[in-house]
Amino acid sequence: MIVGLSFDDNDSIDGMNWIINLFNRYNSKCTFFNSSKYIHYMNLTYKNAYDNGFEIGCHTHNHLNGSSFSIEKWKKEIQTCIDKHKEIGIDCNKIFRAPYLEVNDNMFVALNGLGFKYDSSLEYYPYDYNSNEIPYHYKGIIEIPIQSLENPGLKSKSKNDYITGMDWNWLFEEKFTSKNALELLKYNFDIKYEQNIPFFCGFHSGIYGDDYEHEHELPMRLEARRKVLSDFLEYITSKPRVFIQNLTDFNKN
Ligand SMILES: [Zn+2]
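Each chain carries its own residue numbering, running from 1 in the written order of its sequence. The model is predicted, so local features are restricted to residues of pLDDT at least 70 and side-chain atom pairs to those at 80 or more, both for listing and for counting; the totals for chains, interfaces and linings are taken over all residues.

Visitor: Would you mind showing me how to read the overall build of the chain here?
Guide: Check the secondary structure of the chain and you find 7 helices and 13 strands. With the C-alpha coordinates of the chain rotated into their principal frame, the extents come out at 45 × 40 × 35 Å. Each residue is classed by its C-beta neighbour count within 10 Å, where at least 20 other C-beta atoms makes it buried, 12 or fewer makes it exposed, and intermediate counts make it partly exposed; the C-beta atoms are placed from backbone geometry. Here the chain holds 253 residues, and the buried ones make up 43% of them. Contact definition: two residues whose C-beta atoms, as placed from backbone geometry, lie within 7 Å. Long-range contacts, defined as pairs at least 24 residues apart, comprise 70% of the intrachain contacts of the chain with a sequence gap of at least 6. Comment: elements are numbered from the N terminus, with helices defined as DSSP H or I runs of at least four residues and strands as E runs of at least two.

Okay, here's the thing in structure tokens:
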């Protein structure tokens, strides 16, 4: 079974190093969606990840809300990100994720024009597709969706049945405790595992760094947040035939 975990923004050296070490411990890989506005101080960390086989995806240069962007504006934001990574020897022109998951049709036109093969910006409810529909093609691009997480009745702020499958949502929106966050991830992993459907989930490496600027707004402290992730990896790697790999490797096994 394929597991694709991804980390957005990547603005903290400590956070990204912690993620890299964690994944190395489990002999696993993940995809980092970098915004190149951080590259002037993140360059060595990005290069270290890339040289060690972690995938680098494009997350634009300025990390702006793009739902009303023109094709040209998308192209500029994306091309700047590609160029800045190219300067330090990294190719990030294969897979894209939109900041805030804010997309429009112009974005897909821009991605096609720039030769991107994959996008991971669209959110799907868990039962909208089955394994036969993966890879899912959308507007000329292979879509690796952000999977919504089904809430199995855990106490949450929104009381919604489904939660966008990114850590920002279960931390800031739902204000989950660490116990419930781990429960949410395990429950949703198990659903996919039983059906042998790939499990994709998103995070932000900065949230696991010792310099996180929104620390005081979070329901759990740094060590607790790190423990959610490391306990989750421990759990999924205890199962047979689980491969935790770069997002675009998902159709190789
Ligand atoms: Zn982002």
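Next, the rest of the story.
Visitor: Help me understand the nonpolar core in this model?
Guide: General note: in soluble globular proteins, nonpolar side chains tend to be found buried as a group. Ala49, Ile78, Met107 and Leu111 are the most contacted members of the largest nonpolar core, which totals 60 residues. Looking at which element gives the most residues to this core, the answer is helix H1 (residues 13–25), with 5 residues. Ignoring sequence-local partners within four residues, the contact set of Ala49 consists of Met16, Ile20, Phe32, Phe54 and Ile56. Only buried residues count toward a nonpolar core: Ala, Val, Leu, Ile, Met, Phe, Trp, Tyr and Cys, linked into one set through C-beta atoms within 7 Å.

Visitor: So what exactly am I meant to see when it comes to unusual backbone geometry here?
Guide: Excluding glycine, most residues fall at negative phi; most peptide bonds, likewise, are trans. The backbone of Asp9 sits at a positive phi, close to 70°, despite the residue not being glycine. Tracing the backbone through its elements, the reader meets Asp9 in strand S1 (residues 2–9). For Leu101, which is not glycine, the phi dihedral falls at a positive 55°.

Visitor: It is not clear to me how the pairing of strand S12 (residues 199–204) should be interpreted in this structure. Could you clarify?
Guide: Remark: a regular strand shows side chains that alternate across the two faces of the sheet. Of all the 6 residues making up S12, 5 are buried; the element is thus mostly covered by neighbouring parts of the structure. Strand pairing is assigned whenever DSSP identifies at least 2 bridges connecting the two strands. Where S1 and S12 come together, 6 bridges link them in parallel fashion. Across the sheet, Leu5 pairs through a bridge with Cys201, a residue of S12.

Visitor: Sorry, what's going on with the environment of Met42 here?
Guide: One can find Met42 in helix H2 (residues 39–51). With 23 C-beta atoms counted inside 10 Å, the residue Met42 sits in the buried group. Distance in space between the C-alpha atoms of Met42 and Ser12 is 7.4 Å, their sequence separation being 30 residues.

Visitor: Teacher, can you tell me more about the packing of helix H3 (residues 71–87) against helix H4 (residues 105–113) here?
Guide: The packing of two helices is summarised by the inter-axis angle and the distance between the axes. To obtain each axis, a line is fitted to C-alpha atoms, and for helices this fit is confined to the stretch in contact; angles are then taken between N-to-C directions over 0 to 180 degrees. Two numbers describe how H3 lies on H4: the axes approach to 8 Å, and their chain directions differ by 50°. One finds that H3 runs oblique with respect to H4. Remark: the crossing between H3 and H4 carries right-handed chirality. Between H3 and H4, the residues in contact are Ile71, Trp74, Lys75 and Ile78 and Asn106, Met107, Val109, Ala110 and Gly113, respectively. In the contact of H3 with H4, the residues fall into 6 nonpolar, 2 polar and 1 charged. Every angle not falling under 35 degrees, over 145, or within 65 to 115 is termed oblique; those three ranges are roughly parallel, roughly antiparallel and roughly perpendicular. Crossing handedness follows the turn of the near helix against the far one: under a right angle anticlockwise gives a left-handed crossing, and clockwise gives a right-handed one. Polarity classes work like this: nonpolar for Ala, Val, Leu, Ile, Met, Phe, Trp, Tyr, Cys and Pro, charged for Asp, Glu, Lys and Arg, and polar for all others, with Gly in that last group.

Visitor: How should I be thinking about the environment of Asn246 in this particular structure?
Guide: Relative to the helices and strands, Asn246 is located in the segment after strand S13 (243–244). In this structure, the C-alpha to C-alpha distance between Asn246 and Lys76, residues 170 residues apart in sequence, is 26 Å. Once residues lying within four places of it in the same chain are set aside, the contact partners of Asn246 are Lys29, Cys30, Thr31, Phe54 and Glu55.

Visitor: Even after reading the chapter, I still don't get the packing of helix H6 (residues 178–195) against helix H7 (residues 222–237), so can you show me in this structure?
Guide: The geometry of H6 relative to H7 is characterised by a closest axis approach of 9 Å and an angle of 25° between their N-to-C directions. Relative to H7, the element H6 is oriented roughly parallel. Classified by chirality, the crossing of H7 by H6 is right-handed. Contacts from Ser178, Ala181, Leu182, Leu185, Lys186 and Phe189 in H6 reach Ala224, Lys227, Val228, Asp231, Phe232, Tyr235 and Ile236 in H7. Broken down by class, the residue content of the contact of H6 with H7 amounts to 9 nonpolar, 1 polar and 3 charged.

Visitor: Looking at this model, I keep getting lost on H4. Mind explaining?
Guide: Every α-helical turn comprises 3.6 residues, leaving residues that sit three or four positions apart pointing alike. Taken residue by residue, H4 has Met107, Phe108, Ala110 and Leu111 as its buried positions. Relative to the axis of H4, the buried residues are bounded by an arc of 160° and lie together on one face. One or two steps after H4, the chain reaches Gly115, where phi turns positive at roughly 80°. Note: the arc covers the axis-to-C-beta directions of the helix.

Visitor: So what exactly am I meant to see when it comes to H3 here?
Guide: One less than the residue count of a helix, multiplied by 1.5 Å, gives the span that helix is expected to have. Helix length check: H3 (17 residues) gives 24 Å between terminal C-alpha atoms against 24 Å at 1.5 Å per residue, within 8%. When H3 is considered as a whole, its buried residues turn out to be Trp74, Glu77, Ile78, Cys81, Ile82, Lys84 and His85. Seen from one end, H3 has its buried residues packed into an arc of 165°, which puts them on one side. Turned more than 90 degrees from where H3 packs its buried face, Glu72, Lys86 and Glu87 sit exposed. In this structure, the buried residues of H3 make contact with H2, strand S3 (55–58), strand S4 (95–96) and H4. Where H3 terminates, the next one or two residues include Gly89, which has phi positive at roughly 80°.

Interpretation in functional terms is not warranted from these geometric data alone.
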